[in-house]
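Take a look at the letters that make up each chain.
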Amino acid sequence: QVQLVESGGGLVQPGGSLRLSCAASGSILRINTMGWHRQAPGKERELVAVIASGGSTNYADSVKGRFTISRDNAKNTVYLQMNSLKPEDTAVYYCNVRGIIRSPMTSFNSWGQGTQVTVSS
């Protein structure tokens, strides 16, 4: 009922930048939180950043000062600007969107398909 399409991953050298996008579509009445998680090989999925409907944000300590999350409510899209990338940022990045769908009016918690980010020289 809610589809998420991610884009923007790829290969970048250490110190470089990438911008991830995630667009939500479907029978959406309201979007509450939008966020990004990541999972590196052999590790558990972890929260990277989240943004609430009012614009408040929260970041993992490992990305503070380097990553910026933002959202465009008119487009139901969340972005993750990643600067000063490090090899340890290498992971599959997943967007997560939570909100309410129409008819019936119920909550949803959707995940994107994941996009690979590789930081390597």
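Further up the page is the structure itself.
Below, the structure is looked at part by part. Small disclaimer: the values here were computed from a predicted structure and weren't measured.

## Things to note about the nonpolar core
Next, step 1: Trp 36, Val 48, Phe 67, Ile 69, Leu 80, Met 82 and Tyr 93 are the most contacted members of the largest nonpolar core, which totals 32 residues.
Next, step 2: Those elements giving two or more residues to this core turn out to be strand S1 (2-7), strand S3 (18-26), strand S4 (28-39), strand S5 (46-51), strand S7 (67-72), strand S8 (77-82), strand S9 (91-101) and strand S11 (115-119).
Next, step 3: The dominant element in this core, judged by the number of residues it contributes, is S9, at 5 residues.
Next, step 4: Residues in contact with Met 82, not counting those within four places in the same chain, are Gly 16, Ser 17, Leu 18, Leu 20, Arg 66, Phe 67, Tyr 93 and Val 117.

## Some details on the pairing of S5
Next, step 1: Pairing between S4 and S5: 5 bridges, direction antiparallel. Bridged to His 37 within S5 is Leu 47.
Next, step 2: A loop of 6 residues connects S4 with S5, the two strands running antiparallel in sequence, and Gly 42 in this loop sits at a positive phi of about 80°.
Next, step 3: Pairing geometry for S5 and strand S6 (residues 57-59), over 3 bridges, is antiparallel. If you follow Val 50 over to S6, its bridge partner there is Asn 58.
Next, step 4: From the end of S5 to the start of S6, which pair antiparallel, there are 5 residues, and Gly 55 there has a positive phi angle of about 105°.

## Let's talk about the state of the cysteines
Next, step 1: With the rule as written, the count across this model stands at 1 disulfide.
Next, step 2: Paired through a disulfide, Cys 22 and Cys 95 show a sulfur-sulfur distance of 2.0 Å. Taking the sign of the S-S torsion, about 40° here, the bridge from Cys 22 to Cys 95 comes out right-handed. Here Cys 22, found in strand S3, pairs with Cys 95, found in strand S9; they are 73 residues apart in sequence, far enough to count as distant. Of the two residues, Cys 22 and Cys 95, both sit in the buried class.

## Some thoughts on the side chain of Arg 71
Next, step 1: Residue position: Arg 71 is located in strand S7.
Next, step 2: One buried charged residue, Arg 71, remains without a salt bridge, the closest side chain of opposite sign being Asp 72 at 8.4 Å.
Next, step 3: From its side chain, Arg 71 meets the backbone oxygen of Asn 32 in a polar contact 2.7 Å long.
Next, step 4: Among the polar contacts made by the side chain of Arg 71, one reaches the side chain of Asn 73 at a distance of 2.7 Å.
Next, step 5: Not counting residues within four places of it along the chain, the set of residues in contact with Arg 71 comprises Ile 31, Asn 32, Thr 33, Met 34, Ile 51, Ala 52, Ser 53, Thr 77 and Val 78.

## Points about the sheet that holds S3
Next, step 1: Taken in spatial order, the 4 strands line up as S1-S3-S8-S7 in an open sheet, and their pairing is antiparallel. Lying at the two open borders of the sheet, with one neighbouring strand each, are S1 and S7. Here the average twist between neighbouring strands, direction ignored, is 15°.
Next, step 2: Taken together, the 6 bridges between S7 and S8 define a ladder with antiparallel strand orientation. Note that in S8 the partner of Phe 67 across the bridge is Met 82.

The rules behind each value
- Residues numbered from 1 in each chain as written.
- Predicted model: local features only at pLDDT ≥ 70, side-chain atom pairs only at ≥ 80, totals over all residues.
- Heavy atoms only, no water.
- Core = buried A, V, L, I, M, F, W, Y, C linked by side-chain atoms within 4.5 Å.
- Buried < 20%, exposed > 50% of the residue type's maximum accessible area, 1.4 Å probe, protein only.
- Helix = DSSP H or I, 4+ residues; strand = E, 2+ residues; numbered from the N terminus.
- Contact = heavy atoms within 4.5 Å.
- Pairing = 2+ DSSP bridges.
- Disulfide = S-S within 2.5 Å.
- Lys, Arg positive; Asp, Glu negative; His and termini not counted.
- Salt bridge = Lys/Arg side-chain N within 4 Å of Asp/Glu carboxyl O.
- Polar contact = N/O pair within 3.5 Å; in protein donor to acceptor, adjacent residues only side chain to side chain.
- Axes fitted to C-alpha atoms, helices over the stretch in contact; angles between N-to-C directions.

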